[in-house]
Number of protein chains: 2
Amino acid sequence: MMSSTLRIKPPAPQVVNEQLAQADALCRERGSNLTPLRRQVLELVIRQGRPVGAYDLLDSLRTQGRGSSPPTVYRALEFLQQEGLVHRLPAQNTYMACSHPHHHHRGLIFTCSRCGQALELETPDLFGMLEDYARPHGFEISDDSLEISGVCPFCQEASRDAR
Amino acid sequence: MMSSTLRIKPPAPQVVNEQLAQADALCRERGSNLTPLRRQVLELVIRQGRPVGAYDLLDSLRTQGRGSSPPTVYRALEFLQQEGLVHRLPAQNTYMACSHPHHHHRGLIFTCSRCGQALELETPDLFGMLEDYARPHGFEISDDSLEISGVCPFCQEASRDAR
DNA sequence: TCATGTAATGTTATAGTATTACATTACGTT
DNA sequence: AACGTAATGTAATACTATAACATTACATGA
Ligand SMILES: [Zn+2]
Ligand SMILES: [Zn+2]
Ligand SMILES: [Zn+2]
Ligand SMILES: [Zn+2]
């Protein structure tokens, strides 16, 4: 990981706090336990404003004085994924904060293979179509998001400039 | 990896040979170089009849007397992916033979998170819809297949039996 | 023939990602 | 106080993938 490109600035502190407050509310409603550690990991993910690797999170935790090892961060990420607060991006081995955690959704995430930036969309028709393809084969979809890789507009422009 | 469940029997030798012959023809047409090593890896992937991990392939190569190390198999897989003969499944870190290598296609692959089995479908409408979602954001898709995880009918049945 | 360039493969080492297994702590219930 | 459970701490290890450099095979042309 440790990609240096940064096209989209990290969210303002106020926005971060709003998202965290929303997570607090969600977990309270559901009776799930957003502990200080889990909340701290979520905050780190949100502050990044882009997909981040588990070991980057681990480094940040350590910087913040939390004596941590891999299971610490993987457990927190697992919880956050179950709660729909974080998505895992398998093609990049990264994790990102969900853009719309307040309602259950199954979304599409575009990730740039050059800079690692990601964009999460609401795609009302997509999973319906996927279910239609799956049904005749008896397959039951469990993924709550779909990652697809490509090249973002910034990196496309960079390619053109290089020629 | 090393999942023991085997619901779908491996392809008959005749089918394997047909697929290999097709790969030979494709690469000859394109002027690409399907070397003995690459062809051997492809044969291993085809014979599995299901997604297989890189280190499993490595073990098989060694069994067959080919002195191999990780780069050997990763390089072969990279070539085979470029030629559209093999797909990588990021959520499982596995590789599978393309079901329709004879024509360029961008397909949908269902993978079972329980047993690892996979099913590749022709999905004429899917990538068009994905492009429609991507276009307004200037995003350019490069993936040639889309993996989505769920539970296959056999494993669903196993769950019901367990209750 | 023989130098040279290129593609492919061999080889060693290391980087990066994730899980297992077991110990400890915190806290509510009986 | 004893117990049970959820959460976290800790050490070790497994699994996946790439970097870097050496060697081989072979085509091409001097
Ligand atoms: Zn989301
Ligand atoms: Zn980009
Ligand atoms: Zn295919
Ligand atoms: Zn299954």
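Look above for the structure.
Keep in mind that this is a model prediction, so the values were computed, not measured. (Residues numbered from 1 in each chain as written. Chains lettered and ligands numbered in written order. Predicted model: local features only at pLDDT ≥ 70, side-chain atom pairs only at ≥ 80, totals over all residues. Heavy atoms only, no water.)

Undergrad: Before we move on, could you go through the pattern of salt bridges and cite the residues and values that matter?
TA: All names here are of chain B. One pass over the structure, following the stated rule, counts ten salt bridges over all chains. Across the salt bridge formed by Arg 39 and Asp 24, the nearest N and O atoms sit 2.8 Å from each other. Taken together, the positions of Arg 39 in helix H2 (residues 36–48) and Asp 24 in helix H1 (residues 13–30) put the pair 15 residues apart, joining distant regions of the chain. On the basis of relative accessibility, which here comes to 28%, the residue Arg 39 falls in the partly exposed class. Linking Glu 43 and Arg 47 is a salt bridge whose minimum nitrogen-to-oxygen distance equals 3.0 Å. Taken together, the residues span about one helical turn, with Glu 43 and Arg 47 both in helix H2 at a distance of four residues. Glu 43 gets classed as partly exposed once you look at its relative accessible area, which sits at 25%. (Salt bridge = Lys/Arg side-chain N within 4 Å of Asp/Glu carboxyl O. Helix = DSSP H or I, 4+ residues; strand = E, 2+ residues; numbered from the N terminus. Buried < 20%, exposed > 50% of the residue type's maximum accessible area, 1.4 Å probe, protein only.)

Undergrad: Could you give an account of the protein's contact with DNA strand D, with specific residues and numbers?
TA: Every one of the 17 residues lining DNA strand D counts as a neighbour, but A:Thr35, A:Ser69, A:Arg75, B:Tyr55 and B:Arg88 are closest to it. What you see for DNA strand D is that sugar and phosphate hold 41% of its atoms within 4 Å of the protein. Looking at the surface near DNA strand D, the elements that each hand over two or more residues are helix H2 (36–48) and helix H4 (70–82) of chain A together with helix H4 (70–82) of chain B. Sort the elements by how many residues they give to the surface near DNA strand D and H4(B) lands first, with four residues. Within the surface near DNA strand D, the residues separate by chemical class into eight nonpolar, five polar and four charged. (Near = heavy atom within 4 Å. Nonpolar A, V, L, I, M, F, W, Y, C, P; charged D, E, K, R; others polar.)

Undergrad: Quick one: what's the story with the relation of the copies chain B and chain A, residue by residue and with numbers?
TA: Under the fitted operation, chain B is carried onto chain A by 0.0 Å of movement along the axis and a turn of 180°, and the coordinates agree to an RMSD of 0.1 Å. Taken together, the rotation and translation relating the two chain copies correspond to the operation of a two-fold axis. Identified as the residue of chain B closest to the rotation axis by C-alpha distance is B:Pro90, at 2.7 Å. (Least-squares fit on C-alpha atoms with pLDDT ≥ 70 in both.)

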